[in-house]
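# Structural features, examined
Here is how the chains run, residue by residue.
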Amino acid sequence: MDAQEFKQRFMPHYKLLYRVAYQLTGNAQDAEDLLQDLYLKLWQKRDDLPDEAMKEAYLVTMIRHLFLDQRRLKHLDTSAELKEEASPPDERSLDRQIDSRDEARKMEGLIHQLPERDAKIIQMHLMEDRSYEEIEQDTGLSQGNIRIIVMRTKKKLKQQFNNITKTWTN
């Protein structure tokens, strides 16, 4: 497939793919980068692509998978950076780490006290970093309902956590 044929097949889908990329990334620059990566991947595999690759559904799935792969790689990179800290921690940083672990345990306890549905949704959203769309597919709830549950649950957890930390500091 030459460049002209490639443009004819895939460029008509640009607007749709940009909207999907923007929805996934949340900003224009990252959406453009994601779209550029998609077109590069398509170009590199242009001679091996199946016929359904010209369909919008295939392209949307492909860009979504590319986004998820990039997000996982970024998450792994930041985890590796945190593990590679070479300097020994000072006493204050150890205190902060202990406090952070205590706070995380307390937050986990608060989450376990939530109603089962709310706990499951907040865990998928915050801990597993899943999108509202993915949660919708797993729970059968609408994205609007999920957003409201997440917002209310975050607010409730924040209030409960603040109440607990007030008792720690008093």
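Residues numbered from 1 in each chain as written. Predicted model: local features only at pLDDT ≥ 70, side-chain atom pairs only at ≥ 80, totals over all residues. Heavy atoms only, no water.

## Quick word on the nonpolar core
Defined as follows: What we call a nonpolar core is a set of buried Ala, Val, Leu, Ile, Met, Phe, Trp, Tyr and Cys residues that are connected through their side-chain atoms within 4.5 Å. For every residue, the accessible area obtained with a 1.4 Å probe (protein chains only) is divided by the maximum for its type, and the residue is called buried under 20%, exposed over 50%, and partly exposed between those limits. Helical segments are the DSSP runs of H or I of at least four residues, strand segments are the runs of E of at least two, and each set is numbered from the N terminus. The contact criterion used throughout is that any non-hydrogen atoms of two residues lie within 4.5 Å.
Of all hydrophobic cores here, the largest spans 19 residues; its most connected members are Phe10, Leu38, Tyr39, Leu42 and Ile63. If you list the elements that add at least two residues to this core, you get α1 (3–10), α2 (14–25), α3 (28–44) and α4 (56–83). With sequence-adjacent residues up to four places away left out, leucine 42 is seen in contact with Phe6, Phe10, Leu49, Leu59 and Met62. With 14 residues, the next largest nonpolar core counts Ile111, Leu114, Ile146 and Phe161 among its residues.

## Describing the side chain of threonine 153
Tracing the backbone shows threonine 153 in helix α8 (residues 143–169). If near-sequence neighbours (up to four positions away) are discounted, threonine 153 is found in contact with Leu114, Asp118 and Ile122.

## Focus: the pattern of salt bridges
The criterion, for reference: The working definition used for a salt bridge is a side-chain nitrogen of Lys or Arg within 4 Å of a carboxyl oxygen of Asp or Glu.
Under the defined criterion, the tally for this structure stands at six salt bridges. Linking glutamate 133 and arginine 64 is a salt bridge whose minimum nitrogen-to-oxygen distance equals 3.9 Å. One end of the pair, glutamate 133, is in helix α7 (residues 132–139); the other, arginine 64, is in helix α4, with 69 residues separating them in the sequence. Given a relative accessible area of 30%, glutamate 133 falls into the partly exposed group. Accessibility expressed as a relative area gives 21% for arginine 64, which makes it partly exposed.

## Some remarks on the packing of aromatic side chains
As a reminder of what qualifies: Any Phe, Tyr or Trp ring, taking Trp's six-membered ring, that has another such ring centre within 6.5 Å forms a pair; planes under 30 degrees apart are called stacked, those over 60 apart edge-to-face, and the others tilted.
Scanning all chains against the criterion turns up six aromatic pairs. Considering the side-chain rings of tyrosine 14 and tyrosine 39, the 6.4 Å spacing of their centres and the 15 degrees angle between planes classify their relative orientation as stacked. Of this pair, tyrosine 14 sits in helix α2 while tyrosine 39 sits in helix α3, and the two are 25 residues apart along the sequence. On the basis of relative accessibility, which here comes to 27%, the residue tyrosine 14 falls in the partly exposed class. By relative accessible area, which is 11% here, tyrosine 39 ends up buried.

## Notes on the packing of α1 against α3
Cut-off, in case you're wondering: Where helices are involved, their axes are fitted lines through C-alpha atoms of the stretch in contact, as for all axes, and angles between N-to-C directions lie from 0 to 180°. Just so you know how the angles are binned, under 35 degrees is roughly parallel, over 145 roughly antiparallel, 65 to 115 roughly perpendicular, and the rest oblique. Crossings are classed by handedness, with left-handed meaning an anticlockwise turn of the near helix from the far one by less than a right angle and right-handed meaning a clockwise turn. Residues are grouped as follows: Ala, Val, Leu, Ile, Met, Phe, Trp, Tyr, Cys and Pro are nonpolar; Asp, Glu, Lys and Arg are charged; every other residue, Gly included, is polar.
The N-to-C vectors of α1 and α3 enclose an angle of 130 degrees; their axes lie 12 Å apart at closest approach. Here α1 is positioned oblique relative to α3, judged by the angle of their axes. As α1 runs across α3, the sense of the crossing is right-handed. From α1, Ala3, Phe6 and Phe10 reach across to α3, where they touch Tyr39, Leu42 and Trp43. In terms of residue class, the contact of α1 with α3 is built from six nonpolar, no polar and no charged.

## Points about α3
Counted only if it meets this: Helix span, expected: 1.5 Å multiplied by one less than the number of residues in the helix. This arc describes the spread of directions from the helix axis toward the C-beta atoms. Two N or O atoms count as a polar contact when they lie within 3.5 Å, although within protein this holds only if one can serve as hydrogen donor and the other as acceptor, and sequence-adjacent residues are included solely when both atoms are side-chain atoms.
When the terminal C-alpha atoms of α3 are compared, their 24 Å separation across 17 residues agrees well with the 24 Å that a helix rising 1.5 Å per residue should span. All buried positions along α3 are accounted for by Ala31, Leu34, Leu35, Leu38, Tyr39 and Leu42. Down the axis, α3 shows its buried residues gathered within 135 degrees of arc, on one side only. Facing away from the buried side of α3 by over 90 degrees, the exposed positions are Gln29, Gln36 and Gln44. For α3, the side-chain oxygen to backbone nitrogen distance between the N-cap and glutamine 29 is 3.2 Å, and the N-cap itself is asparagine 27.

## Brief notes about the packing of helix α6 (residues 116–127) against α7
Put simply, α6 and α7 touch, their axes get as near as 10 Å, and they point 145 degrees apart. Considering only the axes of α6 and α7, their crossing is right-handed. On the side of α6, the interface is formed by Ile121, Met124 and His125, while α7 contributes Tyr132, Ile135, Asp138 and Thr139. Classifying every residue of the contact of α6 with α7 gives four nonpolar, two polar and one charged.

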